[in-house]
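Observations on chain architecture
So the chains spell out like this:
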Amino acid sequence: MMGWLTERPSPPQTQWSPVFLALTDHNILMFKGKAPTKDVDWDTPTHVLSLISTRVVQRSGGDLVFDARTGCATGIESHSFRGETDGEMSRWVRALVQGSHNAAALTKEVDCRCSWKGHSCILSLHWEDGFTLFDAKRSRTSTRDLLRLWYFPFERLIGSGDDNRNTLWLDFGGEEGRQTLEIKQSPKYIVFVLHTFLSAKTARLGLFA
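Let me begin by describing the structure that accompanies this report.

The rules behind each value
- Residues numbered from 1 in each chain as written.
- Predicted model: local features only at pLDDT ≥ 70, side-chain atom pairs only at ≥ 80, totals over all residues.
- Heavy atoms only, no water.
- Phe/Tyr/Trp six-rings, centres within 6.5 Å; stacked < 30°, edge-to-face > 60°.
- Helix = DSSP H or I, 4+ residues; strand = E, 2+ residues; numbered from the N terminus.
- Buried < 20%, exposed > 50% of the residue type's maximum accessible area, 1.4 Å probe, protein only.
- Expected span 1.5 Å × (residues − 1).
- Pairing = 2+ DSSP bridges.
- Axes fitted to C-alpha atoms, helices over the stretch in contact; angles between N-to-C directions.
- Contact = heavy atoms within 4.5 Å.
- Disulfide = S-S within 2.5 Å.

Points about the packing of aromatic side chains
For any pair of aromatic rings, the description consists of the separation of the ring centres together with the inter-plane angle of the planes. Going through the model one piece at a time under the given rule, you end up with 12 aromatic pairs. Their ring planes at 80° and their centres at 5.9 Å tell us that Trp-127 and Phe-197 sit as a pair that is edge-to-face. Separated by 70 residues along the polypeptide, Trp-127 in the loop between strand S9 (119-126) and strand S10 (130-135) and Phe-197 in helix H3 (residues 188-208) bring together distant segments of the chain. This pair shows no difference in class: Trp-127 is buried, exactly as Phe-197 is.

And the structure:
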């Protein structure tokens, strides 16, 4: 999907400006003020947002506005988008939600470096398998070659949280299931990917129920 909307970045920015949006398999491409017409234009968007770590929040009260919040290495990046009609906004919201679900199914696995109980580790979040923590010191060519420290499927997860800095908490139930990880960047990216995976899996269950 592609088309024109007006956009406003997160505060302190207050001015709305026209933006051309285009959705790919994995990204939201933003072109400020001018639609791409040549191949080189498509290669140089003004801004790129990762679909797999983007959540769409609809405004209440009749405003023709939705917010896109993207988890990234530095925290959360927010953009507000405004359309002309309810139908236009509904189409964009559906396209972005479905796009994030499709990106999750295509990507399948996201890894992040972290530390756990003083060990250098890699946390793997897999679309089908769930959560696996590997010992990073045993690294070879892929996470499949690493020593597995623990594993939990998605259905074991009963809670998660972060401190907006580096710490990620995962609760899989019981004493052995409470895990604290220190992420090497903001935990928001992996938290938003987790939410997308869970949302996509829930939507898939509803589709095939």
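So, helix H2 (residues 86-107)
Between the first and last C-alpha of H2 there are 31 Å, a value that for 22 residues agrees with the 32 Å anticipated at 1.5 Å per step. Turning to H2, its buried residues are Glu-88, Met-89, Trp-92, Val-93, Ala-95, Leu-96, Gly-99, Ser-100, His-101, Ala-103 and Ala-104. Once H2 finishes, Lys-108 follows within two positions and takes phi at roughly 70°, a positive value.

Some words on the sheet that holds S10
Strand order in the open sheet made by the seven strands is S11-S10-S9-S8-S14-S13-S12, with antiparallel pairing throughout. At either margin of the open sheet sits one strand with a lone partner, and together these are strand S11 (147-152) and strand S12 (159-162). When strand polarity is set aside, the average angle formed by the axes of neighbouring strands in this sheet is 30°. Relative to strand S13 (residues 167-171), S12 runs antiparallel, the two sharing four bridges. What sits directly across from Asp-162, in S13, is Leu-168.

Quick notes on the environment of Glu-84
With respect to the element layout, Glu-84 can be found in the loop between strand S7 (75-82) and H2. Of the residues examined, Glu-84 reaches a relative accessible area of 64% and is grouped as exposed. Considering only alpha carbons, one finds Glu-84 and Thr-6, 78 residues apart in sequence, at a separation of 9.3 Å.

Points about the side chain of Thr-132
Inspection of the secondary structure assignment puts Thr-132 in strand S10. Residues contacting Thr-132, with those up to four places away along its chain left out, are Ile-122, Leu-123, Ser-124, Arg-148, Trp-150 and Tyr-151.

Some words on the state of the cysteines
As used in these notes, a disulfide is a covalent bond between sulfur atoms, one from each of two cysteines. Overall, the coordinates contain zero disulfides when judged by the stated rule. There is no disulfide at Cys-72, and the cysteine sulfur nearest it, in Cys-112, is 14 Å away. Free cysteine Cys-114: the closest other cysteine sulfur is in Cys-121, separated by 5.3 Å.

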